[in-house]
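Below are the chains, spelled out letter by letter.
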Amino acid sequence: MHLAKFPRLFMAHLPTRLEKLSRLSQALNGPTIWLKRDDCTGMSTGGNKTRKLEFLMAEAVEQKADCVITQGATQSNHARQTAAFSAKLGMACHILLEDRTGSNKDAYKNNGNVLLDHLHGATTKTFVGGTDMIQAMEDLAETLRAKGQNVYVIPGGGSNPTGALGYVNCAYELVGQANDMGLEIDHIVTATGSAGTQAGLIVGLKAIHAQIPLLGIGVRAPKDKQEENVFKLAQATAQKLGCPDVVSRADVVANCDYVGKGYGIPGEDTLEAIRLFATLEGILLDPVYSGKGAAGLIDLCRKGHFKQSDNVVFLHTGGSAGLFGYIDDFNK
Ligand SMILES: *Cc1c(COP(=O)(O)O)cnc(C)c1O
């Protein structure tokens, strides 16, 4: 479990803070909610992709890549942060965006993350929902290679065993912080999408025998599929780290009751969660991931899922740049 044996670019602002959300905890009448501020990791406003890209982009540098290709939804935070890393490293960045929501709103298509992709100098190309995006990336890679370019392809969300190392690292960091504060963590909750965050966290937690349950709040896939995706990636990540059997299927738990109408479509509960964090704590969430994760967290608190005396850490995975693509949802 020695992360230093993997190439890494030390570009993230770490460690991120672990802050108590007193007013939110009080408003919900317990448990005590703590926020792990991975929205403040740096690289174009920060977010969870920074930790993954420290390892992914180090691999790109090692392979002497001169350009990077990745893909995501129109308002992909991963795309924005990959564009920022590419700018910093002087690599070209080509982003393939899948129209997963069908929104025809100008803000959704041009503001928020899309604005920032372009500001960082990336090219973007839009594809209709349901396109085979992995194939689309391969096709572009072939074209660029034929022109003599050295291409590094990053999967959607940066979720492969290399990217997940960033969240193995986060698990170590979080548990270390809690130990130093004398804080006993009872639960960790995070939004889960392309699975790298949850997979990396569970590998890190299990590898150090932290005995802290981790709950993923799904933003897209149904529970069985989400858990299976996380478990597969956790196994591959553990294998890469040299501790292949550290995660069992039962360690992977996702609650996918808060997906609502679908990926990238915030329901009333998500908008309420965003407003609660903003007005009670001065914290910005996002409409696609952290807002849905927080909607799940809040509902589970209200339903008495946690003990009042519990310390629950919510991982803030970032994404607030996406708010500006969703102005129409707040003005309804
Ligand atoms: C990508 C993303 C997630 C989901 O993380 P995965 O590793 O893809 O599961 C959560 N929150 C934000 C803001 C993201 O951009």
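Located above this text is the structure these notes cover.
The structure presented is a predicted model; accordingly, all values stated were derived computationally and were not measured.

**Student:** Where do I start with the sheet that holds strand S1 (residues 18-20) in this structure?
**Tutor:** Strand pairing in a sheet relies on backbone hydrogen bonds. The paired strands run either parallel or antiparallel. Reading across the sheet, the six strands line up as S1-S2-S10-S7-S8-S9 and stay open at both edges, with mixed pairing between neighbours. Two strands bound the open sheet, and with one partner strand each, they are S1 and strand S9 (253-255). Within the sheet, the average angular offset between the axes of one strand and its neighbour, ignoring direction, is 30°. Of the strand pairs in this sheet, strand S7 (residues 187-192) and strand S10 (residues 311-315) are connected by three bridges, and their pairing is parallel. Within S10, the position partnered with Val189 by the bridge is Phe314. Of the strands in this sheet, S1, strand S2 (32-36), S7 and S10 are in contact with helix H7 (residues 161-181), which crosses S2 at around 130°.

**Student:** Explain helix H3 (residues 77-89) here, please?
**Tutor:** Helical periodicity: at 3.6 residues per turn, an α-helix aligns residues three or four positions apart in one direction. The first and last C-alpha atoms of H3 sit 18 Å apart over 13 residues, in line with the 18 Å expected at 1.5 Å per residue. Restricting attention to buried positions, one finds in H3 the residues Asn77, His78, Ala79, Arg80, Gln81, Thr82, Ala83, Ala84, Phe85 and Ser86. Those residues of H3 hidden inside the fold are in contact with helix H2 (49-62), strand S3 (67-73), strand S4 (92-99) and helix H5 (113-119). Of the residues trailing H3, Gly90 is marked for its positive phi of about 70°.

**Student:** Before we go on, may I ask you to explain the site of the ligand in this structure?
**Tutor:** Around the ligand there are 16 residues in total, and Lys49, Lys52, Gly193, Ser194 and Thr317 lie nearest to it. Here an oxygen atom of the ligand and a side-chain polar atom of Asn48 are 3.0 Å apart. Within the contact set of the ligand, an oxygen atom lies 2.6 Å away from a side-chain nitrogen or oxygen of Lys52. When the ligand is considered free in solution it has 370 Å² of accessible area, and contact with the protein chains removes 98% of it. The site holding the ligand turns out to be the largest pocket. Of all elements in the fold, only H2 and helix H8 (196-207) reach the threshold of two or more residues within the shell around the ligand. Of the residues belonging to the shell around the ligand, the class tally is two nonpolar, eleven polar and three charged.

**Student:** Can you walk me through the environment of Asp251 in this structure?
**Tutor:** Mapped onto the fold, Asp251 is located in the loop between helix H9 (223-241) and S9. Taking relative accessible area as the criterion, Asp251 reaches 18% and is therefore assigned buried. Once you skip the residues sitting within four places of it in the chain, Asp251 turns out to touch Ile202, Lys206, Leu214 and Val246. In terms of polar contacts, Asp251 uses its side chain to reach the backbone amide nitrogen of Ser248, at 2.8 Å.

**Student:** Sorry if this is basic, but what is going on with the packing of aromatic side chains here?
**Tutor:** To describe a pair of aromatic rings, one takes the distance between the centres and the angle between the planes. For the structure shown, the criterion picks out three aromatic pairs. With 5.5 Å between their ring centres and 85° between their planes, Tyr108 and Tyr326 make a pair best called edge-to-face. With Tyr108 in helix H4 (residues 106-110) and Tyr326 in the loop between S10 and helix H12 (327-330), this residue pair connects regions lying 218 residues apart in the sequence. Both residues of the pair, Tyr108 and Tyr326, belong to the buried class.

**Student:** Where do I start with the side chain of Asn48 in this structure?
**Tutor:** Summarising the element assignment, Asn48 is placed in the loop between S2 and H2. Looking at Asn48, the relative accessible area reads 8%, which means it is buried. Within the structure, Asn48 has its side chain in polar contact with the side chain of Lys49 (distance 2.9 Å). Other than its neighbours up to four places away in sequence, Asn48 contacts Asp38, Gln81, Tyr167, Thr197 and Thr317.

**Student:** Just checking my understanding: could you explain the layout of surface pockets for this structure?
**Tutor:** The rolling of a water-molecule-sized probe over the atoms marks out the regions of remaining empty space. Within this model, the largest pocket holds a volume of roughly 800 Å³. Lining the largest pocket we find 35 residues, and of these Gly156, Gly193, Ser194, Ala195 and Arg220 sit closest to its centre. Those elements that place two or more of their residues in the lining of the largest pocket are H2, S3, H3, helix H6 (133-146), S7, H8 and H9. Of the residues that constitute the lining of the largest pocket, the class distribution is ten nonpolar, 19 polar and six charged. Within this model, the second largest pocket holds a volume of roughly 260 Å³. What lines the second largest pocket is a set of 13 residues, among which Ser103, Lys105, Pro266, Tyr326 and Asp329 lie closest to the centre. For the lining of the second largest pocket, the class distribution of residues is four nonpolar, five polar and four charged.

**Student:** What is the right way to read the pattern of salt bridges from this model?
**Tutor:** Any two side chains of opposite charge can pair, so long as their charged atoms come close to each other. Taken as a whole and judged by the stated rule, the model has 16 salt bridges. Note that Glu19 is salt-bridged to Arg17, the shortest N-O span being 2.8 Å. On the accessibility criterion, Arg17 (58% relative accessible area) is exposed. As a salt-bridge pair, Arg145 and Glu138 come within 3.6 Å of each other at their nearest N and O atoms. Overall, the relative accessible area of 35% leaves Arg145 in the partly exposed class. On the basis of relative accessibility, which here comes to 33%, the residue Glu138 falls in the partly exposed class. Residues joined in a network through salt bridges with shared partners are Arg17, Glu19, Arg37 and Asp39.

The rules behind each value
- Residues numbered from 1 in each chain as written.
- Predicted model: local features only at pLDDT ≥ 70, side-chain atom pairs only at ≥ 80, totals over all residues.
- Heavy atoms only, no water.
- Pairing = 2+ DSSP bridges.
- Helix = DSSP H or I, 4+ residues; strand = E, 2+ residues; numbered from the N terminus.
- Axes fitted to C-alpha atoms, helices over the stretch in contact; angles between N-to-C directions.
- Contact = heavy atoms within 4.5 Å.
- Expected span 1.5 Å × (residues − 1).
- Buried < 20%, exposed > 50% of the residue type's maximum accessible area, 1.4 Å probe, protein only.
- Near = heavy atom within 4 Å.
- Polar contact = N/O pair within 3.5 Å; in protein donor to acceptor, adjacent residues only side chain to side chain.
- Areas by Shrake-Rupley, 256 points an atom, 1.4 Å probe, with all protein chains shown as cover.
- 1 Å grid on protein atoms, 1.4 Å probe; cavity = no way out; pocket = protein on both sides within 12 Å on 5 of 7 lines; lining within 4 Å.
- Sits in = over half its atoms within 2 Å of the grid points.
- Nonpolar A, V, L, I, M, F, W, Y, C, P; charged D, E, K, R; others polar.
- Phe/Tyr/Trp six-rings, centres within 6.5 Å; stacked < 30°, edge-to-face > 60°.
- Points joined across faces, edges and corners; volume = space filled by probe spheres on them.
- Salt bridge = Lys/Arg side-chain N within 4 Å of Asp/Glu carboxyl O.

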